[in-house]
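# Structure at a glance
The residues making up each chain are set out below.
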Amino acid sequence: MDNYSIADNFSLLSKLMDIHGENSFKAKSFASAAFTIEKLPAQLKDTSRDEIFKIKGIGESTGKSILEMLDTGNFGLLDNYLQITPQGILEMMKIKGLGPKKIATIWKELEVESMGELLYACNENRLLLLKGFGEKTQENVRQNIEFYLSNRNRFLYAEAEETANILLRQLQELLSPAPVAITGAFRRQAIIIDELEFIAAIPTATLQEKIAALPGFTHSATNDTHLVWKYQEKYNVILHSCDSADFHSKLFTTTGAPAFIDKFNAGGGAAHIRGAASEEAIFSNAGMAFIPPCLREGGNEIELARSQQLPALINASDIKGIIHSHSQWSDGLYTLEEMATAARDQGYEYLVISDHSRSAFYANGLSIERVIAQQEQIDELNRQLAPFRIFKSIEADILNDGTLDYPDEILAGFDLVIASVHSNLKMTEEKAMARVLKAIENPYTTILGHMTGRLLLSRNGYPLDHKAIIDACAANQVVIELNAHPRRLDIDWTWLPYALEKKVLISIDPDAHSIQGYHDVHYGTLAAQKGGVTKANNLSSYSVDMLSNYLTERRKLKNI
């Protein structure tokens, strides 16, 4: 077991002990040990037994528990608590705003043991009868439960990607020589995946018989044209069946969103679908340029295809530098030199280091003194790594009043500033708009970071008038980040066409807290493609010289 697994076990045990009303000192000792273990520089499995007990924060009981997990892979004490805790109580621990003590109160005083019961109790205002629960708390719990329930069995694209590709290879091998392809929302590069869809040119009965032989599949339903399965008790999988002659037409109709298919058919395209030799032929015979699957959502892509004006979509290979990254100066895993060297070795021309600002104390944000020290290191590394370049940046917190986290004389020392909201996220639209608009109007704000603060499938973003924000960025020459972390992908791709219409630059940024995080450029690019972004529209596609010139000209424009 690695450190994170051991820490997770200790953290879960601490919460369960609190729920069951056990000795608070013992519960806190396991929580403290979890915190300690997460921060250790070396793996416990590679640490001698004697040294484990010498680690500050590891006592006799927690030390023995660590050895048990390392030796057996099990944790008996945790298993005991899991056995005596109803499954619904464990599920409640996933709801934001419900800590162990509140869950214990709900369980013991209301005898509620499932998520459905808890939602019903909220709707009946039963939580208001409990000590420590007010109307606002009850409403927050209700909303969070509804959000959680609506998103079960849904996955981020990044979470489903590996499984989708594995299943595609398995199906191609199993059903060969019949053609097989992935289709549906995954082929359109949807950011949230509800089911994985595949198409195979094979009779439905034969398809069902062959799939039944694969491990991990549980049959759910069958009709004349497709099968519905559950894979690994987790993913909904739909398998479409068709004749060989209809493979491309079936791929076309199952790929496009309903709005796209309706618009295509309404424009006379329906006559060109059945029996088509390829998807390219469908579009060509309908008098259109080929529309990539990612664009088939029912926007204006059909009109653009008819007039041969579809954009040349950006590719990951068009990204020339890493913008928005964190190092050990704040909450990153690697040193600044390691982050820069890795970016250079991966073929990037530059790195924009943007560690957290001083108000982000939880992320070891940089004091003014540490900003100066980091910039001295950047100067030295730039001498060593030339022509590769590190740009001096900061992810400056947008404070409650919309100001940035440093005085102007410090902001002036950065090559560029990424302004982001990280605290007090529960805002009305009026408050959020005033806060973000003021930050956009700050002449030092170069990029607006993760616009809404959302975490996909976990947290809704704060409410914003997207058009007004985009208009403000256009007026103030502020770039809008497309945060490429697969749990953010913020700004949402549906607003990219409006931003491009207003000639606002987008910046596909990985928000990398590790070298491995550079890969998230891949997911940001997929989302950008859906919004019609080209390399000319994207700041991180600029070469090192282009970016340097852009920043110089912008400073002149802003008189800073």
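Provided above is the structure to which this section pertains.
Description of the structure in this document. All values reported here derive from a predicted model rather than from experimental measurement.

Next up on the list: the overall build of the protein. Across its full length, the protein carries 24 helices and 14 strands. The C-alpha atoms of the protein give 27 Å as radius of gyration, which agrees with the globular expectation for 560 residues (24 Å, within 12%). Along the three orthogonal principal directions, the C-alpha set of the protein runs to about 75 × 65 × 50 Å. When burial is assessed residue by residue, the protein has 52% of its 560 residues classed as buried. Long-range pairs, those at least 24 residues apart, make up 68% of the contacts in the protein between residues at least 6 apart in sequence. If you sum the accessible surface of the protein, you get close to 25,400 Å²; carbon and sulfur atoms cover 49% of it. A gap of 2 Å separates the mean positions of the 55 positive and 71 negative side-chain charges of the protein.

The next point concerns the environment of Ala276. Residue placement: Ala276 occurs in the loop between helix 14 (258-266) and helix 15 (279-285). Residue class for Ala276 comes out buried when judged on its relative accessible area of 8%. A sequence separation of 33 residues divides Ala276 from Asp243, and the C-alpha atoms of the two residues are 12 Å apart. Once residues lying within four places of it in the same chain are set aside, the contact partners of Ala276 are Ala245, His248 and Ile282.

A word on helix 4 (residues 60-72). Under the 1.5 Å per step criterion, the end-to-end length of helix 4 is 18 Å for 13 residues, consistent within 8% with the ideal 18 Å. Regarding helix 4, the residues found buried are Thr62, Gly63, Ser65, Ile66, Leu67 and Met69. Packed against the buried residues of helix 4 are helix 1 (3-19), helix 2 (24-38) and helix 3 (49-52). Positive backbone phi, approximately 80 degrees, marks Gly73, located one or two places after helix 4.

Turning to the sheet that holds strand 13 (residues 479-483), a few remarks are in order. Each strand in a sheet pairs with another by means of backbone hydrogen bonds, the pair being arranged parallel or else antiparallel. Strand order in the open sheet made by the seven strands is 8-9-10-11-12-13-14, with parallel pairing throughout. Unpaired on one side and paired on the other, strand 8 (321-325) and strand 14 (506-509) mark the two borders of the sheet. As judged from the four bridges shared by strand 8 and strand 9 (residues 350-353), these two strands associate in the parallel manner. Looking across to strand 9, one finds that Gly321 is bridged to Tyr350. Against the sheet, helix 18 (residues 368-385) engages strand 9 and strand 10 (389-397), with an angle of about 155 degrees to strand 10.

Attention shifts here to the pattern of salt bridges. Counting across every chain of the model gives 21 salt bridges. A salt bridge links Glu159 to Arg487, with the shortest nitrogen-to-oxygen separation between them at 3.1 Å. Of this pair, Glu159 sits in helix 10 (residues 157-175) while Arg487 is found in the loop between strand 13 and helix 22 (496-501), placing the two residues 328 residues apart along the sequence. When its relative accessible area of 35% is taken as the criterion, Glu159 is described as partly exposed. For Arg487, a relative accessible area of 25% puts it in the partly exposed group. Ionic pairing is found between Asp246 and Arg274, a salt bridge with its closest N-O pair at 3.9 Å. Taken together, the positions of Asp246 in the loop between strand 7 (235-241) and helix 13 (247-255) and Arg274 in the loop between helix 14 and helix 15 put the pair 28 residues apart, joining distant regions of the chain.

Right, let's talk about the environment of Phe75 for a bit. As for its position among the elements, Phe75 is in the loop between helix 4 and helix 5 (76-83). For the pair formed by Phe75 and Ser354, sequence separation is 279 residues and the distance between their alpha carbons is 40 Å. Once residues within four sequence positions are removed from consideration, Phe75 is found in contact with Asn9, Phe10, Leu13, Phe30, Ser65, Glu68 and Met69.

The sheet built from five strands is open, its strands ordered 2-4-7-6-5 with mixed pairing. Every other strand in the sheet has two partners, leaving strand 2 (180-183) and strand 5 (217-222) as the edge strands with one partner each. Looking at each pair of strands side by side, their axes are set apart by 25 degrees on average, direction ignored. In this sheet, strand 7 lies alongside strand 4 (residues 196-200) in parallel orientation, the contact comprising five bridges. Bridge pairing links Ile199 to His240 in strand 7.

Each aromatic ring pair is specified by the distance between its two centres and by the angle formed by the two planes. As enumerated under the stated definition, the model contains 17 aromatic pairs in all. Chaining the aromatic ring pairs together yields one cluster made of Phe252, Phe260, Phe264, Phe283 and Phe290. Sitting over the ring of Tyr498, Lys467 keeps its end group 5.4 Å from the ring centre. It is Lys530 that lies over the ring of Trp493; its NZ or CZ is 4.7 Å from the centre.

The next thing to look at is the side chain of Asn382. Mapped onto the elements, Asn382 comes out in helix 18. Not counting residues up to four positions away in its chain, the partners in contact with Asn382 are Phe388, Arg389 and Ile390.

Okay, the pairing of strand 5 next. Inspection of the sheet shows strand 5 paired to strand 6 (residues 226-231) by five bridges, in the antiparallel sense. When the bridges of strand 6 are listed, Thr218 appears paired with Lys230. Taking the residues that link successive antiparallel strands as the turn, the strand 5-strand 6 hairpin has three residues.

Next up on the list: the packing of helix 10 against helix 12 (residues 204-211). It is at 11 Å that the axes of helix 10 and helix 12 come closest, and there the two elements cross at 115 degrees. Overall, the two elements helix 10 and helix 12 adopt an arrangement that is roughly perpendicular. Crossing of helix 10 over helix 12 shows right-handed handedness. Where helix 10 abuts helix 12, its residues Leu171, Leu174 and Leu175 lie against Leu207, Lys210 and Ile211.

Rules used throughout
- Residues numbered from 1 in each chain as written.
- Predicted model: local features only at pLDDT ≥ 70, side-chain atom pairs only at ≥ 80, totals over all residues.
- Heavy atoms only, no water.
- Helix = DSSP H or I, 4+ residues; strand = E, 2+ residues; numbered from the N terminus.
- Rg over C-alpha atoms; globule rule 2.2 N^0.38 Å.
- Buried < 20%, exposed > 50% of the residue type's maximum accessible area, 1.4 Å probe, protein only.
- Contact = heavy atoms within 4.5 Å.
- Areas by Shrake-Rupley, 256 points an atom, 1.4 Å probe, with all protein chains shown as cover.
- Lys, Arg positive; Asp, Glu negative; His and termini not counted.
- Charge placed at Lys NZ, Arg CZ, Asp CG, Glu CD.
- Expected span 1.5 Å × (residues − 1).
- Pairing = 2+ DSSP bridges.
- Axes fitted to C-alpha atoms, helices over the stretch in contact; angles between N-to-C directions.
- Salt bridge = Lys/Arg side-chain N within 4 Å of Asp/Glu carboxyl O.
- Phe/Tyr/Trp six-rings, centres within 6.5 Å; stacked < 30°, edge-to-face > 60°.
- Lys NZ or Arg CZ within 6 Å of the ring centre and 35° of its normal.
- Parallel < 35°, antiparallel > 145°, perpendicular 65-115°, else oblique.
- Left-handed = near helix turned anticlockwise from the far one by under 90°.

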